[in-house]
Amino acid sequence: MNNYLRKPMIRRHPAIFLIATLLATLLTGCQSSVRTEEELVVVKETEHTQRSATEGDLSSQTQAPDVYQSSFSSPQITVDADAAVIVPDAPGIRTKKVTSRFFTEEDYNLFMQTLLGDTRLWTRDFDKMAASNGFTKSELEERISEAQKLKDNLGGDADYLGKGITVDEQIAKFRSLQEAAPEEPIVVEVPVIIEGRKLSQTEDLESLSAYAVAGDAQYDVLLANQTRDDWLWTSFWIEKNEHSSNYLYTGITDRSSQADFPELDNLKTAPEEIWQTAEEVLKQTGYDEEYLPCGGEYYFTYRSDRQNEEIQHIDLTGYGVHFTRVVDGIPVTYTHQDGGSVADDADSVSWPNEAMTLIYNDYGFAGFFWDCPYTVEDLSEDYVFLLPFDEIRNVFEKMILEEYEDTLEEGQTQEIIIKEVRLGYMRVKDRETLSEGTLVPVWDFFGSWTTTGGSFTQPLVFEDSYTSLFTINAMDGTVIDRDLGY
């Protein structure tokens, strides 16, 4: 078994999407703007929410067209829309109360058994490997080699990666550790205890972090099942340990229109085949009654270069299928904006949206990620009133110009293209209780934007099938910040 026991990647929860977040920030950061309190949604009793829903299904209630077509502009922004309008086939929408929950032993057992079969969890015995800081001789030799390359480039007196010691001092430290390092890892079995706990603000968050061996592959297993008043981020991940890298989403759903990404051709397995496999996994676990596939996209693998802290691409391409909760026939709209950002006030809490994804590559199962499950309760038996689509359209066409124009430099122009408009549920955080929220109906506008001029020497193009460019509460027309979750 020791042939498969590599040193597990250090996880700083939730590190797996950190690089993706940084990339998204680079692309979308200039699109963020501070919204006034009046623009942020607060689920409240208004004239509209108190009215009864009209007769008929959702399409007739909202008077939504099949296609939204429009073209309008401001001095700096042009918006063109030729978008399919997606409305769930349901008689109406009720608001729902949601409450953060912990992962259960059943959650863990069903997915571990289905994806990996009978396997035990292991980790390195860091007590017995303390003299080498948990490293083997070969692993330390790799680090010595990397440090030597840095010395060749910068000199032995240079600072080692900002750690306050020279490169020569770090090499000496590695060689000292190597003398006591074992040839192979010393391992210990990890007991599986599935217990969710809420901690005090002074207690440190911990997680079950180990690895499992299935067939000839090694998998990192993480179960973060603790919360605090300011932290409601629970996660259950199973990730194949390949090249010490992480899979990161691309937003690319169709390889035929992405000639700029030859990495897509590295995946030979058809996405349709992966989609079918992922659906079968959910069916075997029994969770297919609550969650349905809501989209898929390509994933690339990346890892950090220890020498210069740059992101390196690795030629291993996968495809991930996203699953979303469906309540009363209404899907919770999936977006890359996770809703876990924290506002600049003392009462904020990091509580991302629930998300579930299965990733496969040409070698089979590569990753399973499930974040932030919750329980759902009815708030009322009555359907809520939804504004006519024309009123939503008016809000969108006014506010998107104001909001996006505020982010542009002098001399910059921007073209926004809307390709899809979708009605669905969104979990809105309750700003009073923090650990509770409400599923409310929202309209999301998806598409792309291109910014030119100003300090940009080349046009900056952003296109992501799962990033909502604008979100509007379908009940009262208020604008929602998907990053903050309200």
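As a starting point, this report considers the structure included with it. Just so you know, these numbers come straight off a predicted model, no measurement behind them.

## Focus on the overall build of the chain
Summing up its helical and strand segments, the chain has 8 helices and 20 strands in all. Residues classed as buried in the chain amount to 51% of the 486 residues present. For the chain, the share of sequence-separated contacts (at least 6 apart) that also reach a separation of at least 24 residues comes to 74%. With the model as given, the accessible surface of the chain reaches about 23,100 Å², and the carbon-plus-sulfur share is 46%.

## Structural notes on the packing of aromatic side chains
A complete count under the given rule lists 26 aromatic pairs for this structure. Consider the rings of Phe72 and Phe396, whose centres lie 6.2 Å apart with planes at 90 degrees: the pair is edge-to-face. You can see Phe72 sitting in strand 1 (residues 67-73) and its partner Phe396 sitting in helix 8 (residues 389-405), a full 324 residues away along the chain. Their ring planes at 70 degrees and their centres at 5.5 Å tell us that Tyr334 and Tyr466 sit as a pair that is edge-to-face. Of this pair, Tyr334 sits in the loop between strand 14 (330-331) and strand 15 (355-361) while Tyr466 sits in strand 20 (residues 456-473), placing them 132 residues apart in sequence. Here Tyr334 matches Tyr466 in class, with each residue buried.

## Some thoughts on helix 8
In a regular helix each residue adds 1.5 Å, so 17 residues correspond to 24 Å; helix 8 covers 24 Å between its end C-alpha atoms and thus fits that length. The sharpest bend along helix 8 reaches about 25 degrees and sits at Met399. Those residues of helix 8 that sit buried are Phe389, Ile392, Phe396, Glu397, Met399, Ile400, Leu401, Glu403 and Tyr404. Elements that come into contact with the buried residues of helix 8 comprise helix 3 (58-62), strand 1, strand 2 (77-86), strand 18 (412-429), strand 19 (436-453) and strand 20.

## Things to note about the pattern of salt bridges
The final tally for this structure, using the stated rule, is 17 salt bridges. As a salt-bridge pair, Lys96 and Asp328 come within 2.7 Å of each other at their nearest N and O atoms. Of this pair, Lys96 sits in strand 3 (residues 96-100) while Asp328 sits in the loop between strand 13 (311-327) and strand 14; the two residues are 232 residues apart in sequence, bridging distant segments of the chain. Salt bridges linked by common partners bring Arg94, Lys96, Asp328 and Asp378 together as one network.

## Side note on the side chain of Thr301
Locating Thr301 in the fold gives a position in strand 12 (residues 291-304). In this structure Thr301 comes out as buried when scored by relative accessible area, which is 1%. Among the polar contacts made by the side chain of Thr301, one reaches the main-chain carbonyl oxygen of Leu316 at a distance of 3.1 Å.

## Thoughts on the pairing of strand 1
Residues of strand 1 alternate between two faces, with Tyr68, Ser70 and Phe72 buried on one and Val67, Gln69, Ser71 and Ser73 left unburied on the opposite face. Here strand 1 pairs with strand 2 via 7 bridges, running antiparallel. When the sheet's bridge partners are listed, Tyr68 is paired in strand 2 with Ala83. Linkage of strand 1 to strand 2, two consecutive antiparallel strands, is achieved through a turn of 3 residues.

## Some remarks on the packing of helix 4 (residues 105-116) against helix 7 (residues 271-285)
Between helix 4 and helix 7, the shortest axis-to-axis distance is 9 Å and the interhelical angle comes to 135 degrees. What the angle tells us is that helix 4 and helix 7 run oblique. In the packing of helix 4 onto helix 7, the handedness of the crossing is right-handed. Judged by residue contacts, Leu110, Phe111, Thr114 and Leu115 of helix 4 engage Val281, Leu282, Gln284 and Thr285 from helix 7. Among the residues forming the contact of helix 4 with helix 7, the class breakdown is 5 nonpolar, 3 polar and no charged.

## With respect to the environment of Pro185
Note on placement: Pro185 falls in the loop between helix 6 (167-180) and strand 5 (187-189). For Pro185, a relative accessible area of 6% gives the class buried. As for Pro185 and Thr136, which are separated by 49 residues in sequence, their C-alpha atoms are 6.2 Å apart.

## A word on the pairing of strand 20
One ladder, built from 10 bridges, connects strand 19 with strand 20; its direction is antiparallel. By the bridge assignment for strand 20, Gly453 is matched with Phe456. Counting the residues that bridge the hairpin from strand 19 to strand 20 gives 2 residues, and of these Gly454 lies at a positive phi of roughly 65 degrees.

## Points about the nonpolar core
Judged by nonpolar contacts, the single largest core of 59 residues is most densely connected at Ile418, Trp443 and Phe445. Residue assignment for this core shows that the elements contributing at least two residues are strand 1, strand 2, helix 8, strand 18, strand 19 and strand 20. One finds Phe103, Tyr319, Met356 and Tyr360 within the second-largest nonpolar core, a separate group that totals 39 residues.

## Section: unusual backbone geometry
In this model, Asn133 sits at a positive phi of 55 degrees, which is unusual for a non-glycine residue. Secondary-structure assignment places Asn133 in the loop between strand 4 (121-124) and helix 5 (137-154). The partly exposed category is assigned to Asn133, whose relative accessible area is 43%. Although it is not a glycine, Leu161 sits at a positive phi angle of roughly 50 degrees. The topology assignment puts Leu161 in the loop between helix 5 and helix 6.

About the criteria used
- Residues numbered from 1 in each chain as written.
- Predicted model: local features only at pLDDT ≥ 70, side-chain atom pairs only at ≥ 80, totals over all residues.
- Heavy atoms only, no water.
- Helix = DSSP H or I, 4+ residues; strand = E, 2+ residues; numbered from the N terminus.
- Buried < 20%, exposed > 50% of the residue type's maximum accessible area, 1.4 Å probe, protein only.
- Contact = heavy atoms within 4.5 Å.
- Areas by Shrake-Rupley, 256 points an atom, 1.4 Å probe, with all protein chains shown as cover.
- Phe/Tyr/Trp six-rings, centres within 6.5 Å; stacked < 30°, edge-to-face > 60°.
- Expected span 1.5 Å × (residues − 1).
- Bend = angle between axes of the 7 residues up to and from the residue.
- Salt bridge = Lys/Arg side-chain N within 4 Å of Asp/Glu carboxyl O.
- Polar contact = N/O pair within 3.5 Å; in protein donor to acceptor, adjacent residues only side chain to side chain.
- Pairing = 2+ DSSP bridges.
- Axes fitted to C-alpha atoms, helices over the stretch in contact; angles between N-to-C directions.
- Parallel < 35°, antiparallel > 145°, perpendicular 65-115°, else oblique.
- Left-handed = near helix turned anticlockwise from the far one by under 90°.
- Nonpolar A, V, L, I, M, F, W, Y, C, P; charged D, E, K, R; others polar.
- Core = buried A, V, L, I, M, F, W, Y, C linked by side-chain atoms within 4.5 Å.

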